[in-house]
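# Residue-level structural notes
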Amino acid sequence: MKSALFNRQPDDKPFLISGPCSAETEAQVLDTCQRLAATGKVQALRAGIWKPRTKPGMFEGVGTKGLPWLKRASELTGLPTAVEVATAKHVEDCLAFGIDILWVGARTTGNPFSVQEIATALRGVEIPVLVKNPIHPELELWIGVVERLQKAGVKQVGLIHRGFSSYGNTDFRNAPMWHLPIEMKRRLPELPLLSDPSHICGRRDTLAAVAQQALNLDFDGLMIESHQDPDAAWSDAKQQITPEALHDLIHALVWRHETTDQREFITALASLREQINHLDAEIMQLLGRRMAVAEKIGRYKKDNDITILQTNRWNEVLDRALRQGQAVGLTSEFVEQYLAAVHLESINRQSRIMEA
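Rules used in this analysis
Residues numbered from 1 in each chain as written. Predicted model: local features only at pLDDT ≥ 70, side-chain atom pairs only at ≥ 80, totals over all residues. Heavy atoms only, no water. Helix = DSSP H or I, 4+ residues; strand = E, 2+ residues; numbered from the N terminus. Contact = heavy atoms within 4.5 Å. Phe/Tyr/Trp six-rings, centres within 6.5 Å; stacked < 30°, edge-to-face > 60°. Buried < 20%, exposed > 50% of the residue type's maximum accessible area, 1.4 Å probe, protein only. Pairing = 2+ DSSP bridges. Right-handed = clockwise from strand over helix to strand, strands pointing away. Salt bridge = Lys/Arg side-chain N within 4 Å of Asp/Glu carboxyl O.

## Points about the environment of Gly61
Summarising the element assignment, Gly61 is placed in the loop between strand E2 (44–46) and helix H2 (67–77). Gly61 sits 19 residues away from Pro80 along the chain, and the two C-alpha atoms are 20 Å apart. Among residues more than four places away in sequence, those in contact with Gly61 are Ile49 and Lys51.

Here it is as structure tokens:
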């Protein structure tokens, strides 16, 4: 039977998967799941059965004995269940206990051997499988998992954006890097895409903002961790919220649509998009002219045995651009990323001239 996540209509509310980070005791799982069902906001229940941890000695999940707890939660609430799997044995155990949805975690996504083991175990099985992005920002790894599952015959494959590891980042546990799931949505538009604000944020106070941003970007749903007593959770306590707090969070979100049939809106939007098209064309022309000048500079440098990289000049360009960008409302992060790309293209062109 096709999961509701893979049979969504334009007016459907976001598909919400929620439950504790870890299944700890049967009482904890059943209480949390029944309270989640009572919110009327949740479409599927989740719980971590096997927990991949950074260091030995940390709580690594209760293991297979927790699967009957989820099965009982499903029987009591009528909601399907979802579990993370990392090995063929995990898959076999989940299937044996009637788990409805599987997902591949971020650590596993980065390991093609583990992914292939899971894909092989799923041959001939009709069950939805969601794929979290890898820890590091590598789209090809993410896409590779999708392809391995599809080649094994898994027809219902979806994506979960849980953020990426970023050195020195302090605002998020895992930086969202929104451009990467947007690119996945562009490349694989037929696959449902969920966001996992719990792992992106790592704390409760920013969950709502990240969840709203995901919906603003037309994500199909959310995975948010919920616990009966978050502060007492055995893992990831800071990012979990009570079922009642989850209800309030979801209720406050604004669910937007990708399009509308209102003629006034369509006409106005078409006009503004045409303006964007003209401006983009002008930017491309200007960039082409800029690169032509960079190539001239490269020829002068070659003729006079001057190095390509001029650090002082680059600092001067960057400082001036940051001031100009601030004056017109551009963030320093955008200006730096834009100029870094332009500078790299200039260097590449001048390198080809040097090597000619």
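## Focus: the packing of aromatic side chains
The geometry of an aromatic ring pair is captured by the separation of the ring centres together with the interplanar angle, meaning the angle of the planes. Following the criterion strictly, the structure yields four aromatic pairs and no others. On the numbers, 5.2 Å between centres and 85 degrees between planes, the contact of Phe59 with Trp234 is edge-to-face. Remark: Trp234 occurs in the loop between strand E8 (221–225) and helix H10 (243–252) and Phe59 occurs in the loop between E2 and H2; sequence separation between them is 175 residues. Residue Phe59 is classed as partly exposed on the basis of its relative accessible area, which comes to 22%. On the basis of relative accessible area, Trp234 is assigned to the partly exposed category, the value being 45%.

## Some remarks on the pairing of strand E4 (residues 101–104)
Side-chain positions along a regular strand alternate between the two faces of the sheet. Here E4 shows a buried face lined by Ile101 and Trp103 and a second buried face lined by Leu102 and Val104. Both strand E3 (residues 81–85) and E4 contribute to a ladder of four bridges, which runs parallel. Pairing of Val83 across the sheet is with Leu102, part of E4. Traced from E3 through helix H3 (residues 88–96) to E4, the parallel crossover comes out right-handed. Two elements, E4 and strand E5 (residues 129–132), share three bridges in a ladder whose sense is parallel. Residue pairing for E5: Leu102 is matched across the bridge by Val129.

## Quick notes on the pattern of salt bridges
For the structure on display, the rule yields 17 salt bridges. Glu140 is the salt-bridge partner of Arg187, the closest N and O atoms lying 2.8 Å from each other. Here Glu140 lies in helix H6 (residues 139–151) and Arg187 lies in helix H7 (residues 179–187), a separation of 47 residues in the sequence. Residue Arg187 is classed as partly exposed on the basis of its relative accessible area, which comes to 36%.

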